[in-house]
Amino acid sequence: MIMITSEASRKPRNKILKYDPFLKEDGRYHCSEFQCSKSFSRPDHLARHQLNHKTKHTYNCAWPGCHKTFVRSDVKDKHYKRHQKREENLKKKFTDPQISTLFSLGKQPAVELETELNPPQPLALTALSDVESDLTLPPSELIQYFFKDDRSDSINLTNFEFGLPGDAFSPLSINESFSMLPISENQTLVDYELQAQLIESLPQLSVESDFTLPLIETSLQSYWTFHHPQFPIIHKPSFSTKRAHPYLVLAMIMVGATYDKSTVSICDKIGLPLRWSICSCEEFAPPPKSWVIQSLNLLEIYELTSSNRRLHERAYLNHGLKIQLLRRSALFGGNPLKTEQDGDRHGTWEKWIEDESLKRAALMAFYLDTQHAVIFGHEITLYLHQIKLSLPCDEHLWESSKLDDCKKRCGNEIKFLDALKKLLHRNKITTSRFGKKLLLAGLLTIMFQMEQKDMQVSVLEWVSVKYQWKEVISSAIEFWKFAICQDGCCDNQDQLIYQVNYPQDTACKFPLYHLAESYMQLTHYDYLIYAGAPSRMNVKACGRDYEAVERRIQRWSKTFNARLAVVHGYAFLCELLLMPQDSPEYSEQIIDYNASADHHLYRPHVVTSIAFVLWAYTFCTEGPESYLLRSPIMENGDSLPAREEGYTYLKRIGTELSLKLGGVFHGVTFHSSMKLYANVIDEISSKNHIVGLLRLLKSKIETHRSEILREHCKLLNNCIERSLGKRAVTCQNMYG
């Protein structure tokens, strides 16, 4: 329809224009309050908004448990009616009184944000100089000092609540009438369609003849059998190879393939192009989805533990990228003063699974950050005050495919920081195997953060509390093992849950525990340079560097902590290579450890680190085992005899320690006597007869697929030759 407008109708009306100071050239009414940028299309809207700045009377919501405050009674009334309407709807939907109560007590979504009071206050700055000279902090205050956020002294971290919906509702809040627990039987389903999809996602695989259906299926089975029990970050009951992102499936195939010699050839062929494919994907953007973080975690584990040096270094460089991606999300980012959870508690099982998966992946990133700092000497990137998450849910709930079983086991998980504080106060905590690892990582992160603070206050010539905190952390780590790992660090108690098929593995399942005690006083840099590494982190070590390290090793070797580290090293190797002393097979049988077949990917790396710690102590305190290599006709020590064979040496050390205290130096009983063993370790004879042990460990590791471990084997050989009398310090062929 065409409208015809007459000339008269277009003639402007004569009206009196009244000056309005709030009306701007853009035709909108702007608020004149300082730092308020709001504008409105009508003056009455502006007037209503200005009540926020000039409040004469406030109205409180009368609903039980709701503390919202408003400046307009009509908005308050609307808000109250929402409470009433929501409760009526819930009563209609649910007949179970317990579920109705749960919903009625849930947090309400934020409404009318414009009229609420009490906006967040700005952060306060904290100086490091608040530690007075000659200060002796009581244990409780020292623990509070551990958790102090470097940015704010006014924030109570125990009141933080995480902004991820996965922490906002539990499976009990899901309406089972429309949302049933998703179940899948396709965890390892492989067909030609899936193979084609994976090749399309990673075209480099199109020329790989060994990327076959049997290999894919075997690798996925290995992943669920061996890797998933250690790091349960994927929801197995609902996982389907058909529905999962192809990059995640490829990462699982890559990691699973490391556990089987018949499939390991495909690992690098997937790992090399996979990282760039993930990073160039459209979904690689904040906020991240769970599959992105899961894939990056799996890729990082493989690159650091089982690949060549190039991929190892690439993983370290890109670890920070993953952390920054997490910081651009509600996981490790957002409002640091947030104390309320926005949104309601409704959801579906799919939503809960996604949120719990994302939380577990984020916690896994934190765990890897700390573990890699201890084992590889990397710098930590995440700090305690950034972890505002709860611990993972009960593992029976995570692994269950039965709706009724899920309802029985779900509940509110304790916050990670709250659990850590309880542990430092020596309060017992019940958590899953994954939760145990996270709490140990939390204690170690405190260690790294306190070391950094000690360095800061030393540079600024301020007083440090370093004479107190190491003893507190060491004590907490011991309590962690006693209270949380009641059956010791070698138990297989979770094998029925995860259907782990290697119950014969009687070695330590928490090798990080033993290495952590060594790391309390001796850094990764020190024991590698002392052993003769020509460089570390691509930085060459000169003569002065070695001399400085040698002085630190000499000071360390005279301390009680050095003796404690040595005791932990012997205990770990006894658990790895010998049957328990109180078992009937102790004198006749040994454990034929094979690093290449070790289902715990990080354990071989701990073996070499422990070996360097033991060698550094024995070489520094007792000198070489012999001086056979001083002979001018000897060029290397391969053919020279050792004073003791490796297994014999370990048995002798363990037996002498047991006789000193009348106990059994092995297994789950020794943890309560570690300090007693440390007090008598110097009374054990000929600890420097270590060549046989180093040769034994070298033979177990030198065929490992990790180039880093093969380099460490060359360094072990350098230690062997120095213990046989070689004068030269540096291992020239370590990286060659």
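See the structure printed just above.
These remarks concern the structure in this document. (Residues numbered from 1 in each chain as written. Predicted model: local features only at pLDDT ≥ 70, side-chain atom pairs only at ≥ 80, totals over all residues. Heavy atoms only, no water.)

## Concerning the overall build of the chain
Piece 1. When you go through the chain residue by residue, the secondary structure sums to 26 helices and six strands.
Piece 2. Per-residue burial for the chain yields a buried fraction of 54% across its 736 residues.
Piece 3. Restricting to contacts in the chain with at least 6 residues of sequence separation, those with at least 24 account for 75%.
Piece 4. Put simply, the chain shows about 34,300 Å² of open surface, and 51% of that area lies on carbon and sulfur atoms. (Helix = DSSP H or I, 4+ residues; strand = E, 2+ residues; numbered from the N terminus. Buried < 20%, exposed > 50% of the residue type's maximum accessible area, 1.4 Å probe, protein only. Contact = heavy atoms within 4.5 Å. Areas by Shrake-Rupley, 256 points an atom, 1.4 Å probe, with all protein chains shown as cover.)

## Regarding the packing of helix α10 (residues 309-327) against helix α11 (residues 349-376)
Piece 1. Packing of α10 against α11 leaves a shortest axis separation of 11 Å and a crossing angle of 145°. Note that α10 runs across α11; the crossing there is left-handed. Of the residues in α11, those in contact with H312, H319, K322, I323 and L326 of α10 are A362, A365, L368, D369 and F376.
Piece 2. A class-by-class count of the residues in the contact of α10 with α11 yields six nonpolar, two polar and two charged. (Axes fitted to C-alpha atoms, helices over the stretch in contact; angles between N-to-C directions. Left-handed = near helix turned anticlockwise from the far one by under 90°. Nonpolar A, V, L, I, M, F, W, Y, C, P; charged D, E, K, R; others polar.)

## Some remarks on the nonpolar core
Nonpolar side chains in soluble globular proteins tend to end up buried together.
Piece 1. Grouped together as the largest cluster of nonpolar side chains are 174 residues, with contacts concentrated most on I270 and F416.
Piece 2. Counting residues per element, this core draws most heavily on α11, which supplies 13 residues.
Piece 3. Every residue in contact with F416, bar those within four places of it in the chain, is listed here: F366, L384, I387, L389, S390, L391, L438, L439 and G442.
Piece 4. Judged by nonpolar contacts, the second largest core, of eight residues, contains L181, W349, W352 and C393. (Core = buried A, V, L, I, M, F, W, Y, C linked by side-chain atoms within 4.5 Å.)

## Let's talk about empty space enclosed by the protein
Piece 1. Across all of its chains, the model carries seven cavities of 30 Å³ or more by this definition.
Piece 2. By volume, the second largest cavity is sized at about 140 Å³.
Piece 3. Surrounding the second largest cavity, 15 residues form its lining, Y367, Q371, K509, P511 and Y602 being those nearest its centre.
Piece 4. Looking at the lining of the second largest cavity, the elements with two or more residues in it are α11, α18 (511-519) and α22 (603-622). (1 Å grid on protein atoms, 1.4 Å probe; cavity = no way out; pocket = protein on both sides within 12 Å on 5 of 7 lines; lining within 4 Å. Points joined across faces, edges and corners; volume = space filled by probe spheres on them.)

## Thoughts on α10
Helical geometry note: an α-helix holds 3.6 residues per turn, so side chains three or four residues apart project in the same direction.
Piece 1. The terminal C-alpha atoms of α10, which comprises 19 residues, lie 28 Å apart, in line with the 27 Å expected from a rise of 1.5 Å per residue.
Piece 2. Where α10 bends most, the angle comes to about 30°, and this point is N318.
Piece 3. Within the sequence span of α10, burial applies to L311, H312, R314, A315, N318, H319, K322, I323, L325 and L326.
Piece 4. The elements touched by buried residues of α10 are α8 (267-279), α9 (290-306), α11 and α26 (707-723). (Expected span 1.5 Å × (residues − 1). Bend = angle between axes of the 7 residues up to and from the residue.)

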